[in-house]
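Each chain, written out:
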Amino acid sequence: MNPKLSSDTPESRLRVEFNSWATSGRGEEMAAHHLPIVLPMLERMQPGPRERWLDLGCGSGWLMRMLAERYPQAEFTGVDISDAMIERARQAAGDRRNLRFLAGSAGRIPAQAQAFTRVVSVESAYYWPDPARAAREIRRVLAARGEAWVLINYYDDNPFVSLWRRHLPVEVHRLSARQWENLFAEAGFTHVRTERIPDPSPTPEVYNGRWFRDAEELKKFKAMGALLIVGAAH
Ligand SMILES: C[S@@+](CC[C@H](N)C(=O)[O-])C[C@H]1O[C@@H](n2cnc3c(N)ncnc32)[C@H](O)[C@@H]1O
């Protein structure tokens, strides 16, 4: 069968999975979960008032909406493989003129070369079926002197995510910080660096979820922090 017509490709599986997250409201829930690691990232970025932003794997679009309020002269684009997420993001955006949302994948970003000055991505990169190809795509759509800021909680150096794989019904990549750095360097980025961003939010005394063994493990996971990968288009 022509793979383009097949409904069983890694990308179509991602679309089905995250469409179901969208319809059950998980897109909106993620804003509260991710904000404690996103705020320190934004502090480090020090963006100008007129950047052209892309959020790759934007989910419900909360981050682009938040920044569109903060920087009314900038332009914001969110791209996600889940058309249901994009639909919700569009509805929540209302008629804001500096904000748009497009269905598309990290492997083929629906934008012209050098379209953006800042590419951000939050908790999405470990799902990308071909991370090296996605890194090349991000590099392609970045303007000269632009920067990519990619944040992920699932990475190899963090031992406290060992239960995640069994609960994720789609394929994920658990790369190390060094592997992400190499991948970005090979995609043509300069000044590539990684850093860990701890989650300072309070942890409940008791944890009954399925992603961590107990509250103690969750606390250690948050202290270890998310992996931030930064690369420049210089
Ligand atoms: C855990 S959610 C995070 C969403 C959002 N960044 C947030 O912080 O709320 C991961 C998102 O990445 C998207 N995604 C996964 N693989 C993708 C790909 N290959 N291309 C584009 N988006 C993808 C999913 O559809 C989902 O919305």
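Quick note: structure is the one above.
Analysis parameters
- Residues numbered from 1 in each chain as written.
- Predicted model: local features only at pLDDT ≥ 70, side-chain atom pairs only at ≥ 80, totals over all residues.
- Heavy atoms only, no water.
- Near = heavy atom within 4 Å.
- Polar contact = N/O pair within 3.5 Å; in protein donor to acceptor, adjacent residues only side chain to side chain.
- Areas by Shrake-Rupley, 256 points an atom, 1.4 Å probe, with all protein chains shown as cover.
- Helix = DSSP H or I, 4+ residues; strand = E, 2+ residues; numbered from the N terminus.
- Nonpolar A, V, L, I, M, F, W, Y, C, P; charged D, E, K, R; others polar.
- Buried < 20%, exposed > 50% of the residue type's maximum accessible area, 1.4 Å probe, protein only.
- Pairing = 2+ DSSP bridges.
- Right-handed = clockwise from strand over helix to strand, strands pointing away.
- Expected span 1.5 Å × (residues − 1).
- Bend = angle between axes of the 7 residues up to and from the residue.
- Core = buried A, V, L, I, M, F, W, Y, C linked by side-chain atoms within 4.5 Å.
- Axes fitted to C-alpha atoms, helices over the stretch in contact; angles between N-to-C directions.
- Parallel < 35°, antiparallel > 145°, perpendicular 65-115°, else oblique.
- Contact = heavy atoms within 4.5 Å.
- Phe/Tyr/Trp six-rings, centres within 6.5 Å; stacked < 30°, edge-to-face > 60°.
- Lys NZ or Arg CZ within 6 Å of the ring centre and 35° of its normal.
- Salt bridge = Lys/Arg side-chain N within 4 Å of Asp/Glu carboxyl O.

*Asks:* Would you mind showing me how to read the site of the ligand here?
*Replies:* His34, Gly57, Trp62, Asp80 and Val122 are the nearest of the 21 residues found near the ligand. Between the ligand and the protein, one listed contact pairs a nitrogen atom with a backbone N or O atom of isoleucine 81 at 3.3 Å. When isolated, the ligand has an accessible area of 590 Å², and the protein chains bury 99% of it. Elements that contribute at least two residues to the shell around the ligand include exactly α1 (10-23) and α2 (26-45). For the shell around the ligand, the residue count by class is 12 nonpolar, seven polar and two charged.

*Asks:* Can you help me understand the pairing of strand β1 (residues 52-56) in this one?
*Replies:* Each regular strand carries side chains that alternate between the two faces of the sheet. Buried residues dominate β1, accounting for four of its five residues. Bridge count between β1 and strand β2 (residues 75-80): five bridges; the pairing is parallel. The residue of β2 that forms the bridge with arginine 52 is glutamate 75. Regarding the hand of the β-α-β motif, the stretch spanning β1, helix α3 (residues 62-70) and β2 is right-handed.

*Asks:* So what exactly am I meant to see when it comes to α2 here?
*Replies:* An α-helix turns once every 3.6 residues. As a result, residues three or four positions apart point the same way. Given a rise of 1.5 Å per residue, 20 residues ought to cover 28 Å, and the 27 Å separating the end C-alpha atoms of α2 matches this to within 8%. At leucine 35, α2 shows its strongest bend, of approximately 55 degrees, with the proline proline 36 following within four residues. Immediately downstream of α2, the backbone of glutamine 46 shows phi near 45 degrees, a positive value.

*Asks:* Explain the nonpolar core to me, please; I cannot follow it from the model alone.
*Replies:* Soluble globular proteins: nonpolar side chains tend toward being buried together. Judged by nonpolar contacts, the single largest core of 52 residues is most densely connected at Val119, Tyr127, Ile138, Ile152, Trp164, Trp180 and Phe184. Within the second largest apolar cluster, 29 residues are counted, among which are Met45, Met64, Ala74 and Ala93.

*Asks:* Just checking my understanding: could you explain unusual backbone geometry for this structure?
*Replies:* The phi angle at glutamine 46 is positive, at roughly 45 degrees, despite the residue not being glycine. Tracing the backbone shows glutamine 46 in the loop between α2 and β1.

*Asks:* Which parts of the structure should I look at to understand the packing of α2 against α3?
*Replies:* The geometry of a pair of packed helices is captured by two quantities: the angle between their axes and the separation between those axes. One way to put it is that α2 packs onto α3 with a least axis distance of 9 Å and a crossing angle of 55 degrees. In this view, α2 runs oblique relative to α3, as classed from their interaxial angle. Here α2 contributes Gly27, Met30, Ala31, His34, Leu35, Val38, Leu39 and Leu42 to the contact with α3, which in turn contributes Trp62, Leu63, Met66, Leu67 and Arg70. When grouped by side-chain class, the residues that make up the contact of α2 with α3 number 10 nonpolar, two polar and one charged.

*Asks:* How should the packing of aromatic side chains be read in this particular structure?
*Replies:* Here a ring pair, both rings aromatic, is described through the centre-centre distance and the interplanar angle of the planes. All told, the structure shown has 14 aromatic pairs when counted by the stated rule. Consider the rings of phenylalanine 18 and tryptophan 21, whose centres lie 4.7 Å apart with planes at 55 degrees: the pair is tilted. Residue phenylalanine 18 and its partner tryptophan 21 are both found in helix α1; the two are separated by three residues, about one turn of the helix. Assigned by exposure class, phenylalanine 18 and tryptophan 21 land together as buried. Their ring planes at 20 degrees and their centres at 6.5 Å tell us that tryptophan 53 and tyrosine 71 sit as a pair that is stacked. Separated by 18 residues along the polypeptide, tryptophan 53 in strand β1 and tyrosine 71 in the loop between α3 and β2 bring together distant segments of the chain. Note on tryptophan 53: relative accessible area 0%, which makes it buried. A residue is classified by how much of its surface remains accessible, and tyrosine 71, at 17% relative accessible area, is buried. A connected cluster of aromatic rings, assembled from ring pairs, spans Phe18, Trp21, Tyr126, Tyr127, Tyr154, Trp164, Tyr207, Trp211, Phe212 and Phe221. In this structure, arginine 26 packs its charged tip against the face of tryptophan 21, placed 3.7 Å from the ring centre.

*Asks:* Is there a simple way to think about the packing of α1 against helix α4 (residues 83-93) in this case?
*Replies:* As a packed pair, α1 and α4 sit with axes 7 Å apart at the nearest point and diverge in direction by 35 degrees. On α4, the residues that touch Arg15, Phe18, Asn19, Trp21, Ala22 and Thr23 of α1 are Asp83, Ala84, Met85 and Arg88.

*Asks:* So what exactly am I meant to see when it comes to the pattern of salt bridges here?
*Replies:* A side chain of one charge can pair with a side chain of the opposite charge if their charged atoms are brought near each other. Counted by the stated rule, this structure contains 10 salt bridges. A salt bridge links glutamate 69 to arginine 96; the nearest nitrogen and oxygen atoms lie 3.9 Å apart. Residue glutamate 69 is located in helix α3, and its partner arginine 96 is located in the loop between α4 and β3 (99-103); the two are separated by 27 residues in the primary sequence. Of the residues examined, arginine 96 reaches a relative accessible area of 33% and is grouped as partly exposed.

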